[in-house]
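Letter by letter, the chains look like this.
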Amino acid sequence: ISDPDRTERNREIYFSRGVRAIEEVYDYCQSIGIRSVYEDQGYLFNGVQGFKRLMDATDRNFGVVVDFGNCLFVDEPIEDFIPLVKDRIVNVHVKDYIYTDGTTRDKMDNEFITAKKNYLSDCNFGEGIVNFDRAFQELRKIGYNGYYSVESVPMGDDEQKTFLKNVEYLCKYL
């Protein structure tokens, strides 16, 4: 669900449906011997409060893909989310967003809207609001040594150059 007003009006319906679906997928994965994972996304199962509510609502021990940018959709920094799911992290998606106060202007076509009606737009790593220093500090603190995935939107005319620039930025932290 990408509309914060629609999500809020139907929060409990979406929540119970989502929990049932997550449990169904988890159970199926268990039956065929694979681990299911969930990524912090959207307005409902995202951020500290939303994800804690999800984990409290089910006894399934699914893995978590931490996404540096997705907590921003509920106007929270990723470094607050990492300690909550520290024992479940199986992958980290690295991205960055420019965060714009939604009270200062109208939303542009290339922007996403947050739960508090602010705006996010894609950018190269280190050019947005994600605090890479703090995020990687939290990951080191919990001993994370797993995989990182680069989520990079082409900026400018040269997609490969954009990707390599973001990989180079990421490597400073690894």
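A few points on the structure. (Residues numbered from 1 in each chain as written. Predicted model: local features only at pLDDT ≥ 70, side-chain atom pairs only at ≥ 80, totals over all residues. Heavy atoms only, no water.)

Here we take up the overall build of the protein. A count of helices and strands for the protein gives six helices and seven strands. The linear arrangement of helices and strands in the protein, starting from the amino end, is α-α-β-α-β-α-β-β-β-β-α-β-α. For 174 residues, the compact-globule estimate of 2.2 N^0.38 gives 16 Å, and the C-alpha radius of gyration of the protein, at 17 Å, lies within 12% of that figure. Taken along its principal axes, the extent of the C-alpha atoms in the protein is 45 × 40 × 30 Å. (Helix = DSSP H or I, 4+ residues; strand = E, 2+ residues; numbered from the N terminus. Rg over C-alpha atoms; globule rule 2.2 N^0.38 Å.)

Glancing now at the sheet that holds strand β5 (residues 112-113). One open sheet holds the three strands; their spatial order is β4-β6-β5, and the pairing between them is antiparallel. The open sheet has two edge strands, β4 (97-100) and β5, and neither has a second partner. The pairing of β5 with strand β6 (residues 119-122) spans two bridges and is antiparallel. What sits directly across from F112, in β6, is L120. (Pairing = 2+ DSSP bridges.)

Spatial ordering of the open sheet is given by β1-β2-β3-β7, a layout of four strands whose pairing is parallel. Looking at the sheet topology across the chains shown, the edges are occupied by β1 (37-39) and β7 (147-150). The mean inter-strand angle of the sheet, taken between neighbouring strand axes irrespective of direction, is 25°. By the bridge criterion, four bridges tie strand β2 (residues 63-67) to strand β3 (residues 89-94) in an arrangement that is parallel. Paired with V65 across the two strands is N91, which belongs to β3. Contacts between helix α6 (residues 159-171) and the sheet are confined to β3 and β7, with β7 contributing the most and set at about 150° to the helix. (Axes fitted to C-alpha atoms, helices over the stretch in contact; angles between N-to-C directions. Contact = heavy atoms within 4.5 Å.)

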